[in-house]
Amino acid sequence: MKTLTTAEQKVFQADASIQENSAVAQELKKEFPIFEQYPELIYVDNGATSQKPRSVLEAEQGLYTLACANVHRAIYSLGERATGLYEDARKTLAAFIGASPDEIVFTRGTTEAINLVAHSFGETLSAGDEIILTEMEHHANLVPWQQLAGRKGIMLKFIPIQDDGTLDMEALPRLLGKRTRLVAVTMVSNVLGTKNPVETIIAQAHGAGVPVLLDAAQAIPIEPLNVRTLDADFIALSGHKMYGPFGIGILFGKRQWLEALPPFMGGGDMISEVHLEGFTPNEIPYKFEAGTPPIAQAVGFAEAARWITRIGHGALGRYESGLAQILMSEIANIPGLRILGSQPGYPEGTRAGIVAITLDGVHAHDLAAYLDRYHITVRAGHHCAHPLAQRLGVVSSARFSFGAYNTLDDVFTIAEILRKAQKEL
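The sections below set out a description of the structure shown in this document. (Residues numbered from 1 in each chain as written. Predicted model: local features only at pLDDT ≥ 70, side-chain atom pairs only at ≥ 80, totals over all residues. Heavy atoms only, no water.)

### Quick notes on the overall build of the chain
Within the chain one finds 15 helices and 15 strands. For 425 residues, the compact-globule estimate of 2.2 N^0.38 gives 22 Å, and the chain sits close to it at 22 Å. Taking the principal axes of the C-alpha coordinates as reference, the chain spans close to 70 × 55 × 35 Å. Here the chain holds 425 residues, and 58% of them are scored as buried. As displayed, the chain offers around 17,400 Å² of accessible surface, 52% of which is attributable to carbon and sulfur atoms. Computed over 36 positive and 47 negative side-chain charges, the inter-centroid distance for the chain is 2 Å. (Helix = DSSP H or I, 4+ residues; strand = E, 2+ residues; numbered from the N terminus. Rg over C-alpha atoms; globule rule 2.2 N^0.38 Å. Buried < 20%, exposed > 50% of the residue type's maximum accessible area, 1.4 Å probe, protein only. Areas by Shrake-Rupley, 256 points an atom, 1.4 Å probe, with all protein chains shown as cover. Lys, Arg positive; Asp, Glu negative; His and termini not counted. Charge placed at Lys NZ, Arg CZ, Asp CG, Glu CD.)

Here it is as structure tokens:
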């Protein structure tokens, strides 16, 4: 193993070995106060939320201690300082994904961002129109469309998954039709870790004149995203899954869509003028940001984007995928253990650092409680993806999802405890 220089020791390297990047992860762990409180913690529930580095916590606290005022309205220096920090955060996050600031709508998270599109874009649809989803969607990218279907009489169609957890891409051209109005898909499955071929999906949908929404909640923590290159019409993502605060997310929308669509909620900053007879909406992106926005969270989110860029964003995703590959290889021969989705040896770049398992005769909740005795945190249940669980024939599963502070030692410890669980439970 080569010796990392001072400049390299907290940065993931694309050409480094997994052992070298594991040493980086061990160093980065020191930036997270929670591990000072719980030094034995093996946190592998990053698919649900990630831990927060000190710089993000300090950025959010700094807003409250140095510029605690509402934005856009105050004609005094404190309020102007808060407005400047808030709008600088928008600029930082726009640059982070290659967008223009006026294409960045702050939301409470991915779920609210998708609901925004379902309501605003949904207002343009008529009974009999169709939306294409996949069988692996998180409820956040399923239920809003089901609600829209109930309100408007639209039809939902689904790209099926294959037994290895990948999409049956031959189905998409058959599903696209004259009444298709939107394709909405996840970039990365929060259960299977499958990285979907979204470039192909976007190209085929646009070829049929159909816009595309991407759920990037699981993708944004593991790889850089450029909205211009990707060319999706809408992209929803959250801050708390990429080392940022809770309660903050982004809806990216192409300018022409944001200008054309009606506001989602009413009140506060989303208006230009209000009369008793009606109102005039604000310019984009503000017409979609009703009420007091998540100001401190936006500042923390921007710091999370800077932090994840600094540590080597793309190399981080490859490192996490490598940890998942090793874990799968370590546990594949445990009697009665089933790995959901693609198996050890999957092609590089096709799976994120997420591994969901079942163990014969053991409920996932019981397995999670057992692992917790050894300070290993996992998510257990259906992972907000009931239809996917039904398709896979499971009631629940235990999901391991890796982050920037997970190491090879974590992987080997998890494998050892799973072998013990198989014998003792």
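Read on for the rest.
### Topic: the sheet that holds strand S12 (residues 354-359)
Strand order in the open sheet made by the four strands is S11-S12-S15-S14, with antiparallel pairing throughout. The sheet is open, and its two borders are formed by strand S11 (337-339) and strand S14 (379-381), each paired with just one other strand. For this sheet the average axis-to-axis angle between neighbouring strands, irrespective of direction, equals 25°. Across three bridges, the pairing between S14 and strand S15 (residues 397-401) is antiparallel. Across the sheet, the residue bridging to Gly381 is Ser397, located in S15. With respect to the sheet, helix H12 (residues 313-331) is in contact with S11, S12 and S15, its orientation differing from that of S12 by roughly 20°. Strand contacts of helix H13 (residues 364-373): S12, S14 and S15, with the helix running at about 160° to S14, the strand carrying the most contacts. (Pairing = 2+ DSSP bridges. Axes fitted to C-alpha atoms, helices over the stretch in contact; angles between N-to-C directions. Contact = heavy atoms within 4.5 Å.)

### A closer look at the pattern of salt bridges
Tallied over the entire structure, the rule returns 22 salt bridges. The shortest N-O distance in the salt bridge between Glu27 and Lys30 comes to 3.0 Å. In this structure, a network of salt bridges that share partners links the residues Lys10, Glu31 and Arg310. (Salt bridge = Lys/Arg side-chain N within 4 Å of Asp/Glu carboxyl O.)

### Description of the environment of Ile104
Counting through the fold element by element, Ile104 comes out in strand S2 (residues 104-107). By relative accessible area, Ile104 is classed as buried at 0%. Here the alpha-carbon distance between Ile104 and Ala94, two residues 10 residues apart in the chain, equals 6.4 Å. Look past the residues within four positions of Ile104 in its chain and what remains in contact with it is Arg90, Ala94, Ile97, Ala99, Ile250, Leu251, Pro285 and Glu289.

### Quick look at helix H15 (residues 408-424)
Taking 1.5 Å per residue, 17 residues should reach 24 Å; H15 reaches 25 Å between its end C-alpha atoms and fits that length. Among the residues of H15, Leu408, Asp410, Val411, Ile414, Ala415, Ile417, Leu418 and Ala421 are the ones counted as buried. (Expected span 1.5 Å × (residues − 1).)

### Regarding the sheet that holds strand S7 (residues 234-238)
Pairing is mixed across the open sheet formed by seven strands, whose spatial order is S2-S8-S7-S6-S5-S3-S4. Here the strands that pair on one side only, and so sit at the sheet edges, are S2 and strand S4 (155-159). Geometrically, the sheet is characterised by an average inter-axis angle of 20° between neighbouring strands, direction not taken into account. In terms of strand pairing, strand S3 (residues 130-134) meets S4 through five bridges, oriented parallel. Bridge pairing links Thr134 to Ile159 in S4. Sheet strands in contact with helix H4 (residues 77-97) are S2 and strand S8 (249-253), and its direction is about 115° off that of S2.

### Focus on the side chain of Asn115
Turning to its location among the elements, Asn115 is positioned in helix H5 (residues 110-120). Apart from the residues lying within four places of it in its own chain, the contact partners of Asn115 are Pro144, Gln147 and Phe264.

### Things to note about the environment of Glu283
Examined against the element boundaries, Glu283 turns out to sit in the loop between strand S10 (278-281) and helix H11 (295-310). Look at Glu283 and you get exposed, because its relative accessible area is 54%.

### Section: unusual backbone geometry
Residue Pro285 is reached from Ile284 by a cis peptide bond, and omega for that bond is 0°. Along the chain, Pro285 turns up in the loop between S10 and H11. With phi around 65°, His375 is a residue other than glycine that occupies positive phi space. In this structure, His375 sits in the loop between H13 and strand S13 (376-377). Located in the positive-phi region is His383, a residue other than glycine, with phi close to 60°.

### Brief notes about the packing of aromatic side chains
Under the defined criterion, the tally for this structure stands at 14 aromatic pairs. Note on Tyr86 and Phe106: the rings are 5.2 Å apart at their centroids and 40° apart in plane angle, and the pair reads as tilted. Of this pair, Tyr86 sits in helix H4 while Phe106 sits in strand S2; the two residues are 20 residues apart in sequence, bridging distant segments of the chain. Note on Phe106: relative accessible area 5%, which makes it buried. Positioned above the aromatic ring of Phe35 is the side chain of Lys29, whose terminal nitrogen or guanidinium carbon lies 5.0 Å from the ring centre. (Phe/Tyr/Trp six-rings, centres within 6.5 Å; stacked < 30°, edge-to-face > 60°. Lys NZ or Arg CZ within 6 Å of the ring centre and 35° of its normal.)

### Things to note about the pairing of strand S6 (residues 212-215)
Neither face of S6 is left uncovered, since the one carrying Val212 and Leu214 and the one carrying Leu213 and Asp215 both have all their residues buried. Alignment of strand S5 (residues 180-186) against S6, held across four bridges, turns out to be parallel. Directly across from Val183, in S6, lies its bridge partner Val212. Viewed along the sheet, the connection from S5 through helix H8 (residues 198-207) into S6 turns out right-handed. (Right-handed = clockwise from strand over helix to strand, strands pointing away.)

### Observations concerning the side chain of Glu103
Tracing the sequence through the fold places Glu103 in the loop between H4 and S2. We classify Glu103 as buried; its relative accessible area is 3%. Excluding its chain neighbours within four sequence positions, the residues that come into contact with Glu103 are Arg228, Leu251, Phe252, Gly253, Lys254, Arg255 and Leu258.

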